[in-house]
Amino acid sequence: MQSPVSFSSSASSFAPTISAPRHCFTLTTPFNLRFCGLRREAFALTSLQHRSPHNRSFRRTHSNAISAALSDNGTPPKSFDYDLLIIGAGVGGHGAALHAVEKGLKTAIVEGDVVGGTCVNRGCVPSKALLAVSGRMRELRNDHHLKSLGLQVSAAGYDRQAVADHANNLASKIRGNLTNSLKALGVDILTGFGTILGPQKVKVGSSNNVVTAKDIIIATGSVPFVPKGIEVDGKTVITSDHALKLETVPDWIAIVGSGYIGLEFSDVYTALGSEVTFIEALDQLMPGFDPEISKLAQRVLINPRNIDYHTGVFASKITPARDGKPVKIELIDAKTKEQRDTLEVDAALIATGRAPFTQGLGLENIDVATQRGFVPVDERMRVIDAKGNLVPHLYCIGDANGKMMLAHAASAQGISVVEQVTGRDHVLNHLSIPAACFTHPEISMVGLTEPQAREKGEKEGFEVSVAKTSFKANTKALAENEGEGLAKLIYRPDNGEILGVHIFGLHAADLIHEASNAIALGTRIQDIKFAVHAHPTLSEVLDELFKAAKVESQASSPVKEPVAV
């Protein structure tokens with residue numbers, strides 16, 4: 001199981017259990033990320049047959065026979081069933097498996113639930129289907145926007161069950177494509193929950209079926225986190241798992257947490273006619289975003305819509321609707337813990353983040369102690385035991401290690417691990433990994449926020465500058481009548497290093513990758529500003545952004561900074 005969402009700072013008294021990504025500097029602002037990156041093989045199965053021609057001869061048929069005696073769990077086996085065994089068939093495990101096959105490794109993947117993990121089945125994929133519907137509804141119901149384009153459309157409506165079926169069908173399709181891609185490449189899919197018995201040994205399922213592997217990757221993902229005092233019934237008090245089924249569209253729904261999960265669902269529910277109330281523990285909404293972007297997003301995504309909010313409060317107790325009574329939410333002050341208010345609503349969505357799914361993995365058998373549920377790892381995803389030593393041949397990627405709770409980060413970490421086990425050292429730069437919120441308009445980001453960059457600059461002794469450009473100056477955005485938006489570049493004026501890029505506007509999630517790739521490759525502003533962008537396109541927003549930066553040094557050389565992990 002693999003999931004793509006990090007903890008939100010909007011949870012209540014559980015705050016000490018929340019983990020932010022572990023970069024090489026201290027974050028003072030919460031970093032709540034959620035989103036997915038699927039390998040193209042999930043959509044293009046016909047290209048799989050020729051990608052690893054040597055794999056068929058390298059593959060052995062998996063047997064259900066016991067591969068090692070249970071009494072011999074303390075020592076590593078001398079021969080192995082597989083070169084690489086991956087526990088968890090989510091996006092992270094899938095990406096690692098495909099890359100392992102490319103490298104010629106005999107690979108198996110263990111899955112106790114369904115292929116695709118949280119992202120495909122209960123996260124990124126079905127949520128994008130719902131958001132596609134909400135986007136269309138907003139367009140069709142925006143009379144002013146349509147009239148400005150010369151369009152006339154009669155009243156728009158929707159079929160709730162058909163919308164739910166669209167999300168479910170998309171998840172089923174992607175899940176099937178992922179499964180077929182693994183099978184086509186000769187990856188064995190072992191059904192059952194994986195438990196580590198000892199060095200290089202994993203028991204699959206409830207029987208005594210033990211498989212061995214030279215290297216093992218833990219990729220078990222995460223589950224929705226529900227704070228104490230909140231009773232989830234799956235009907236009127238729900239998590240994102242339940243919300244994606246869209247069994248009802250309540251007239252009034254409270255959303256606990258205003259991070260990526262909460263924002264996206266507010267977009268869906270308000271487009272379908274619900275009234276939304278946000279409950280946020282911190283003093284401002286959207287605390288994980290760059291403050292300037294948050295301010296603009298609130299003006300566009302919150303204030304004009306049927307949304308109100310309570311900030312600086314915890315939902316200390318939530319009781320589901322029963323016996324004709326509504327959902328009851330008791331709010332307390334986040335600082336003083338004094339009673340503040342009581343809400344009665346039709347439903348409540350708990351969007352307080354994700355918790356690592358690591359229980360029952362058998363980590364105690366190899367002397368590994370989790371930290372708030374997360375598996376401790378170093379910058380190369382190597383698992384660290386309770387004594388601070390590296391556990392040989394054992395790695396952990398994705399939500400289970402808590403470094404950056406994004407599906408595409410998990411996949412990148414898995415690929416990095418495969419590079420290492422096949423003889424090429426590789427360390428992933430997590431600051432180059434983008435994130436996006438698929439609201440209408442979208443929000444995207446990569447690297448540091450402005451406060452984080454200034455804090456880093458103070459500690460390391462360099463100046464920080466900011467450049468901005470508006471979507472109102474972009475021809476393509478104006479042609480779409482979508483000029484509401486901002487792109488922001490945070491950089492070092494002394495050497496042109498890109499520290500962070502934040503975008504709010506039309507197709508922001510697609511635009512961010514030019515910046516993320518520049519950070520990953522160490523490209524300086526004075527070089528990328530000469531790149532040519534087609535006209536008229538939205539990509540010119542980034543073109544103008546880089547050209548607006550004022551760099552003191554015109555020397556052209558890649559940025560060589562310590563890699564942040």
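Scroll up to find the structure.
## Quick notes on the overall build of the chain
If you tally the helices and strands in the chain, you get 15 helices and 23 strands. For the chain, the proportion of its 565 residues judged to be buried stands at 58%. Contacts spanning at least 24 positions in sequence make up 70% of the contacts within the chain whose residues lie at least 6 apart. With an accessible surface of roughly 22700 Å², the chain has 50% of that area assigned to carbon and sulfur atoms.

## Here's the deal with the pattern of salt bridges
Under the counting rule described, the total for this entry stands at 27 salt bridges. For Asp 241, the salt bridge goes to Arg 122, with nearest N and O atoms at 3.9 Å. Here Asp 241 is found in helix 7 (residues 240-243), whereas its partner Arg 122 is found in helix 3 (residues 117-122), with 119 residues between them in sequence. By relative accessible area, which is 19% here, Asp 241 ends up buried. On the basis of relative accessible area, Arg 122 is assigned to the buried category, the value being 18%. Across the salt bridge formed by Arg 492 and Asp 494, the nearest N and O atoms sit 2.7 Å from each other.

## A closer look at a nonpolar patch on the surface
On the surface, a cluster of nonpolar side chains totalling about 310 Å² of accessible area is made up of Leu 140, Leu 149, Leu 151 and Val 153. As for its placement among the helices and strands, Leu 149 is situated in the loop between helix 5 (143-148) and helix 6 (160-184). Exposure remark for Leu 149: the relative accessible area of 40% places this residue in the partly exposed category.

## Thoughts on helix 9 (residues 291-302)
Residues of helix 9 that are buried: Ile 293, Ser 294, Leu 296, Ala 297, Gln 298, Val 300, Leu 301 and Ile 302. At its buried positions, helix 9 is contacted by helix 8 (260-271), strand 10 (275-280), strand 11 (307-311), strand 20 (442-447), strand 22 (486-491) and strand 23 (498-505).

## Section: the sheet that holds strand 20
Spatially, the 5 strands line up as an open sheet ordered 19-20-23-22-21, and their pairing is antiparallel. A strand with exactly one partner marks an edge of an open sheet, and here the two such strands are strand 19 (435-437) and strand 21 (465-470). Strand-to-strand, the axes of this sheet are offset by a mean angle of 10°, without reference to chain direction. Of the strand pairs in this sheet, strand 20 and strand 23 are connected by 6 bridges, and their pairing is antiparallel. Its bridge partner lying in strand 23, Glu 442 is registered against Gly 505. Across the sheet, helix 11 (residues 450-460) lies against strand 20, strand 21, strand 22 and strand 23, angled at about 10° from strand 22, the strand it touches most.

## Focus: the packing of helix 2 (residues 91-102) against helix 6
Where helix 2 contacts helix 6, the axes come no closer than 10 Å and their chain directions differ by 25°. By the angle between their axes, helix 2 is roughly parallel relative to helix 6. Crossing hand, helix 2 versus helix 6: left-handed. Residues His 94, Ala 97 and Leu 98 of helix 2 form the contact with helix 6, whose own contacting residues are Leu 178, Ser 181 and Leu 182. A class-by-class count of the residues in the contact of helix 2 with helix 6 yields 4 nonpolar, 2 polar and no charged.

## Some words on the sheet that holds strand 12 (residues 313-319)
Read from one edge to the other, the open sheet built from 3 strands follows the order 12-13-14, with strand pairing classed as antiparallel. Two strands lie at the open edges of the sheet, namely strand 12 and strand 14 (339-345), each paired on one side alone. Shown here is a sheet whose adjacent strand axes are inclined to one another by a mean of 25°, direction ignored. Taken together, the 6 bridges between strand 12 and strand 13 (residues 327-333) define a ladder with antiparallel strand orientation. Of the residues in strand 13, the one forming a bridge with Ile 318 is Ile 329.

## What about the packing of helix 4 (residues 124-141) against helix 8?
Axis separation between helix 4 and helix 8 bottoms out at 9 Å; the angle between their running directions is 45°. One element, helix 4, and the other, helix 8, form an angle in the oblique class. Between helix 4 and helix 8 lies a crossing of left-handed hand. Of the residues in helix 8, those in contact with Ser 127, Lys 128, Leu 130, Leu 131, Ser 134, Met 137, Arg 138 and Arg 141 of helix 4 are Glu 264, Ser 266, Asp 267, Val 268, Thr 270 and Ala 271. When grouped by side-chain class, the residues that make up the contact of helix 4 with helix 8 number 5 nonpolar, 4 polar and 5 charged.

Conventions used here
Residues numbered from 1 in each chain as written. Predicted model: local features only at pLDDT ≥ 70, side-chain atom pairs only at ≥ 80, totals over all residues. Heavy atoms only, no water. Helix = DSSP H or I, 4+ residues; strand = E, 2+ residues; numbered from the N terminus. Buried < 20%, exposed > 50% of the residue type's maximum accessible area, 1.4 Å probe, protein only. Contact = heavy atoms within 4.5 Å. Areas by Shrake-Rupley, 256 points an atom, 1.4 Å probe, with all protein chains shown as cover. Salt bridge = Lys/Arg side-chain N within 4 Å of Asp/Glu carboxyl O. Patch = residues over 30% accessible without salt bridge, like charges linked within 9 Å, V, L, I, M, F, W, Y side chains within 5 Å. Pairing = 2+ DSSP bridges. Axes fitted to C-alpha atoms, helices over the stretch in contact; angles between N-to-C directions. Parallel < 35°, antiparallel > 145°, perpendicular 65-115°, else oblique. Left-handed = near helix turned anticlockwise from the far one by under 90°. Nonpolar A, V, L, I, M, F, W, Y, C, P; charged D, E, K, R; others polar.

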